[in-house]
Amino acid sequence: MGRVRAYRLLAAVMGTLFIAGGLTFFGAFFGYQAPGSTPVIPTGPVGHYFIAFTGCALVGWGGGLLGAARDPVAGRAVGTATALALVLSAVYRMVGWLVGDYYVWLGDLPRTEAAIFLVLALLFVWLRPPRLASPEAA
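Residues numbered from 1 in each chain as written. Predicted model: local features only at pLDDT ≥ 70, side-chain atom pairs only at ≥ 80, totals over all residues. Heavy atoms only, no water.

**Details of the layout of surface pockets**
Space inside the largest pocket adds up to approximately 940 Å³. Along the wall of the largest pocket there are 28 residues; nearest its centre are Phe25, Tyr92, Arg93, Glu113 and Phe117. Only helix H1 (3-33), helix H2 (45-70), helix H3 (76-99), helix H4 (103-106) and helix H5 (109-126) provide two or more residues apiece to the lining of the largest pocket. Residues that form the lining of the largest pocket fall into these classes: 21 nonpolar, five polar and two charged. (1 Å grid on protein atoms, 1.4 Å probe; cavity = no way out; pocket = protein on both sides within 12 Å on 5 of 7 lines; lining within 4 Å. Points joined across faces, edges and corners; volume = space filled by probe spheres on them. Helix = DSSP H or I, 4+ residues; strand = E, 2+ residues; numbered from the N terminus. Nonpolar A, V, L, I, M, F, W, Y, C, P; charged D, E, K, R; others polar.)

Written as structure tokens, this is what we have:
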């Protein structure tokens, strides 16, 4: 499998996962508003408002990644921005795990997530297509 094809696959899979996660977060807001509901994520109404906002952003970001999968050379910046966001996500998970406030609720999950996010960020950087990728590379 060529580097550009692997990048396209990575962008397509991540874009699809981001859209699915975003729609789930968006739906969680409305699920929280239902009478007698038990929230899956233990936050109050303000927290669910921000969960819905995060869901909307993930849908847009996922769409950008799907665009990068269609045209990886034109979508190089989306992959770079994704790598940066994944590193930032890993950093706050590591700090949250070190502080210990989230350990009671999440255990070692933030540390595992941080490792996964750093590997994905590395893949986005490592597989990034050259500026003028040849059709044979795909």
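**A word on the packing of H2 against H3**
Interhelical geometry of H2 versus H3 gives an angle of 135° and a closest axis separation of 9 Å. Looking at the two axes, H2 sits oblique to H3. When you trace H2 past H3, the crossing you get is left-handed. On the side of H2, the interface is formed by Trp61, Gly64, Leu65 and Ala68, while H3 contributes Val78, Thr82 and Ala85. Its residues placed into classes, the contact of H2 with H3 shows five nonpolar, two polar and no charged. (Axes fitted to C-alpha atoms, helices over the stretch in contact; angles between N-to-C directions. Parallel < 35°, antiparallel > 145°, perpendicular 65-115°, else oblique. Left-handed = near helix turned anticlockwise from the far one by under 90°. Contact = heavy atoms within 4.5 Å.)

**Regarding the pattern of salt bridges**
Two side chains of opposite charge can pair, provided their charged atoms sit close to one another. Counting across every chain of the model gives two salt bridges. Across the pair Arg93 and Glu113 runs a salt bridge, and its minimum N-O distance is 2.7 Å. Taken together, the residues span a long stretch of sequence, with Arg93 in helix H3 and Glu113 in helix H5 at a distance of 20 residues. Among the salt bridges present, the one from Arg111 reaches Asp108, with a minimum N-O distance of 3.8 Å. For Asp108, a relative accessible area of 34% translates into the label partly exposed. (Salt bridge = Lys/Arg side-chain N within 4 Å of Asp/Glu carboxyl O. Buried < 20%, exposed > 50% of the residue type's maximum accessible area, 1.4 Å probe, protein only.)

**Some points on the environment of Ala28**
Relative to the elements of secondary structure, Ala28 occurs in helix H1. Once the C-alpha coordinates of Ala28 and Val40 are considered, the two residues, twelve residues apart in sequence, prove to be 8.1 Å apart. Setting aside chain neighbours within four positions, we find Ala28 in contact with His48 and Ile51.

**Describing the packing of aromatic side chains**
This structure, assessed with the given rule, holds five aromatic pairs. A centroid spacing of 6.1 Å and a plane angle of 90° characterise the contact between Tyr7 and Phe124, whose relative ring orientation is edge-to-face. Placement of Tyr7 in helix H1 and of Phe124 in helix H5 is noted, with a sequence separation of 117 residues between them. Where Phe29 meets Phe30, the ring centres are 5.1 Å apart and the plane angle is 85°; that geometry is what we call edge-to-face. Here Phe30 falls in the partly exposed class, since its relative accessible area comes to 49%. Counting every residue linked through ring pairs, the aromatic cluster contains Phe26, Phe29 and Phe30. (Phe/Tyr/Trp six-rings, centres within 6.5 Å; stacked < 30°, edge-to-face > 60°.)

Treat this as a map of the structure, not an account of what it does.
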